[in-house]
Amino acid sequence: MIPSSFAYVRHRLFVAMGIAPALASTACGGLVVFVEDDGSGGSGGGTTAVTTGATTVASTSSTGQSCPPMGTSLLCLPPVATPCPPFDTQQANELVTTEILSSCVPENPEFCSCTVETLDVVCGLIDKDGLCCYGADYTVGEICEGRPFTVDGHARLAPLEKRADWRLSVAVDCAGLPDAARRALADAWSTSARYEHASVASFARVALELLALGAPRDLVTLAQHAALDETDHAALAFGIASALAGESIGPGPLDIAAAMRTDVASIVYATVREGCIGETISAVFALAARDGATDPAVVAALTRIAEDELRHAELAWRTVAWAIEARLPGAREAALAAFAAPAAFEEPEAEPRGLHPELGRAFGVLSPADKAALARQALESIVKPSQAALFQGRRLRGPTDTVDAIA
């Protein structure tokens, strides 16, 4: 995803909050991510330091220290090229990222997968067995997709069933795909479909919460439209999954017990976590997946999903801006707390094991390394400046005034 795309998404959010004038055209899209420090203050991931018999390769350390320097971890992996890629190259960065992710077990493995939040590869070694070893300082977090339907901080999703009434007919080109690859891709799209299906409930709840807050009509209308969008997203995703699996796949019943939030603080807090942060990064994911896909049916589906997801992110930012401007009791404080807090929403692991990243991208499935890099960029380039604008920016209009770009 190119920097200008990040700038465009950021501008759309500024427009939604009434801080910038609208652009003439629209685009974009997504799924959801939350990044959380593992609390180690540096290295993590459960790697093993290998130092016995190690010899220095082309370079030792960026600081002239022995490798690895104090406070960093040494990660060793079989060479994918000869000689081992130097530590200060993109290839070494990707190898280390992959190694960290392969050895990381998230706190909730059923619902989340790991992401590398920060990474600094500082040196390189070859050990006595010929393994490529790299000294690195990094932090690990958790990455989860889709706007979650959460109850008490835990995401709820419907189980999968063999049913055809929740899928659209999508003509995915499966010719020539090995059976294992088809199953892996079908699993990935089935998981995405469950996310989208749960988001229908999430936005239905948003509409009720907005009514409880006394929100303007246009915000309630946009929330209802968002629920309809998610219904279509689920149908597209179940359609792609079914085409890849060679059988109909759909959702079972979704547990909605005790799902309502009624006080201002909890509603605003959830809107920031699930919408302002979650849907924004979700939009970035969908846009990147669309741009990397080559299958025409997948590209068409992701084009629709991407634009809708960005509008859903806009709705969240508009809602929080309205709540603060309307001086709802505790709204500002809840928003500040939500932006400051680490996230730990639970959702199923989206990345099928054993799927080659290039094949995944062709069918709209991003690798964990892709997602980690996009998440870091989106948090830094979109969420942080949008947060600053939310609390400090001068509005050109009210955050609920109708704007063509987001209506």
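Look a little higher up for the structure.
If you're wondering where the values come from, they're calculated on a predicted model, not measured in any experiment.

Asker: Could you give an account of the overall build of the chain, naming the residues involved and the relevant values?
Answerer: Summing up its helical and strand segments, the chain has nine helices and eight strands in all. The buried share among the 407 residues of the chain stands at 56%. Across the chain, the fraction of contacts at a sequence separation of at least 24, relative to all contacts at a separation of at least 6, is 83%. Element-wise, carbon and sulfur atoms account for 54% of the exposed surface of the chain, whose accessible area totals about 16900 Å².

Asker: Lay out the environment of cysteine 174 with the relevant residues and their values.
Answerer: Mapping cysteine 174 onto the fold places it in the loop between β7 (160-161) and α3 (179-213). With relative accessibility at 11%, the residue cysteine 174 sits in the buried group. The sequence separation of cysteine 174 and leucine 244 amounts to 70 residues, and the corresponding C-alpha distance is 6.6 Å.

Asker: Could you give an account of the state of the cysteines, with specific residues and numbers?
Answerer: Across all of its chains, the model carries three disulfides by this definition. Here cysteine 67 is linked by a disulfide to cysteine 123, with a sulfur-sulfur distance of 1.8 Å. Classification of the bridge connecting cysteine 67 and cysteine 123 rests on its S-S torsion, roughly 75°, and on that basis the disulfide is right-handed. Here cysteine 67 is found in the loop between β1 (55-61) and β2 (73-77), whereas its partner cysteine 123 is found in strand β3 (residues 113-126), with 56 residues between them in sequence. We note that cysteine 67, like cysteine 123, is buried. A sulfur-sulfur distance of 2.0 Å marks the disulfide that ties cysteine 84 to cysteine 132. Since a negative S-S torsion denotes a left-handed disulfide, the cysteine 84-cysteine 132 link at about -85° is left-handed. In this pair, cysteine 84 sits in the loop between β2 and α2 (90-103) while cysteine 132 sits in strand β4 (residues 132-143), placing the two residues 48 residues apart along the sequence.

Asker: Describe in detail the packing of helix α7 (residues 331-340) against helix α9 (residues 368-392), supporting the description with residues and values.
Answerer: Each packed pair of helices is defined by two parameters, the angle between the axes and the distance between the axes. It is the contact of α7 with α9, at a shortest axis distance of 12 Å, that shows an interaxial angle of 165°. When the axis of α7 is compared with that of α9, the two are roughly antiparallel. Judged by the sense of rotation from one axis to the other, the crossing of α7 with α9 is left-handed. Only Val383, Gln387, Leu390 and Phe391 of α9 make contact with α7, whose side of the interface consists of Arg332, Ala335, Leu336 and Phe339. Its residues assigned to classes, the contact of α7 with α9 comprises six nonpolar, one polar and one charged.

Asker: How would you sum up the packing of aromatic side chains? Please name residues and give values.
Answerer: Going through the model one piece at a time under the given rule, you end up with two aromatic pairs. Feature note: the residues Trp317, Phe339 and Phe391 constitute an aromatic cluster, connected by ring pairs.

Asker: So what's going on with α7? Which residues, and what values?
Answerer: Where α7 is concerned, the buried positions are Ala331, Ala334, Ala335, Ala338 and Phe339. Along the axis of α7, the buried residues cluster in a sector spanning 130°; they form a single face. Every exposed residue of α7 that faces more than 90 degrees away from the buried side is listed here: Glu333 and Ala340. Structurally, α7 contributes buried residues whose contacts are with α5 (264-292), α6 (296-325) and α9.

Asker: Outline the pattern of salt bridges, listing residues and values.
Answerer: Within the structure shown, the criterion is met by 17 salt bridges. A salt bridge links arginine 318 to aspartate 218, with the nearest nitrogen and oxygen atoms 2.8 Å apart. Of this pair, arginine 318 sits in helix α6 while aspartate 218 sits in helix α4 (residues 217-245); the two residues are 100 residues apart in sequence, bridging distant segments of the chain. The two residues arginine 318 and aspartate 218 agree in class, both being buried. Among the charged side chains, a network of salt bridges with common partners joins Asp229, Asp232, Arg304, Asp308 and Arg311.

Asker: Account for the nonpolar core, naming residues and giving values.
Answerer: Among the nonpolar cores identified, the biggest contains 85 residues, and Trp189, Leu244, Phe339 and Leu390 are the most heavily contacted of them. For this core, the element with the most residues is α6, which contributes 14 residues. In terms of nonpolar packing, the next biggest core, distinct from the first, is built from 17 residues, Phe87, Ile100, Leu101 and Ala136 among them.

Asker: Just give me the short version of the side chain of threonine 97, but keep the residues and values in it.
Answerer: Structurally, the position occupied by threonine 97 is in helix α2. Beyond its immediate sequence surroundings of up to four residues, threonine 97 is in contact with Val116, Leu119 and Ala369.

Asker: Explain a nonpolar patch on the surface to me, and be specific about the residues and the numbers.
Answerer: Among the surface-exposed residues, Leu208, Leu211 and Met260 lie close enough to one another that they form a single nonpolar patch of about 300 Å² accessible area. Within the secondary structure, leucine 211 sits in helix α3. On the basis of relative accessibility, which here comes to 54%, the residue leucine 211 falls in the exposed class.

Asker: Can you explain the packing of α5 against α9? Please cite residues and give values.
Answerer: Between α5 and α9, the least distance of the axes is 10 Å, while the angle of their chain directions is 125°. With respect to α9, the element α5 is oriented oblique. The interaxial crossing formed by α5 with α9 has right-handed handedness. Each of Cys276, Ile277, Thr280, Ile281, Val284, Phe285 and Ala288 in α5 lies in contact with α9, whose residues at this interface are Lys371, Leu374, Ala375, Ala378, Leu379, Ile382 and Val383. The residue inventory of the contact of α5 with α9, partitioned by class, reads 12 nonpolar, one polar and one charged.

How each quantity is defined
Residues numbered from 1 in each chain as written. Predicted model: local features only at pLDDT ≥ 70, side-chain atom pairs only at ≥ 80, totals over all residues. Heavy atoms only, no water. Helix = DSSP H or I, 4+ residues; strand = E, 2+ residues; numbered from the N terminus. Buried < 20%, exposed > 50% of the residue type's maximum accessible area, 1.4 Å probe, protein only. Contact = heavy atoms within 4.5 Å. Areas by Shrake-Rupley, 256 points an atom, 1.4 Å probe, with all protein chains shown as cover. Disulfide = S-S within 2.5 Å. Axes fitted to C-alpha atoms, helices over the stretch in contact; angles between N-to-C directions. Parallel < 35°, antiparallel > 145°, perpendicular 65-115°, else oblique. Left-handed = near helix turned anticlockwise from the far one by under 90°. Nonpolar A, V, L, I, M, F, W, Y, C, P; charged D, E, K, R; others polar. Phe/Tyr/Trp six-rings, centres within 6.5 Å; stacked < 30°, edge-to-face > 60°. Arc of directions from axis to C-beta. Salt bridge = Lys/Arg side-chain N within 4 Å of Asp/Glu carboxyl O. Core = buried A, V, L, I, M, F, W, Y, C linked by side-chain atoms within 4.5 Å. Patch = residues over 30% accessible without salt bridge, like charges linked within 9 Å, V, L, I, M, F, W, Y side chains within 5 Å.

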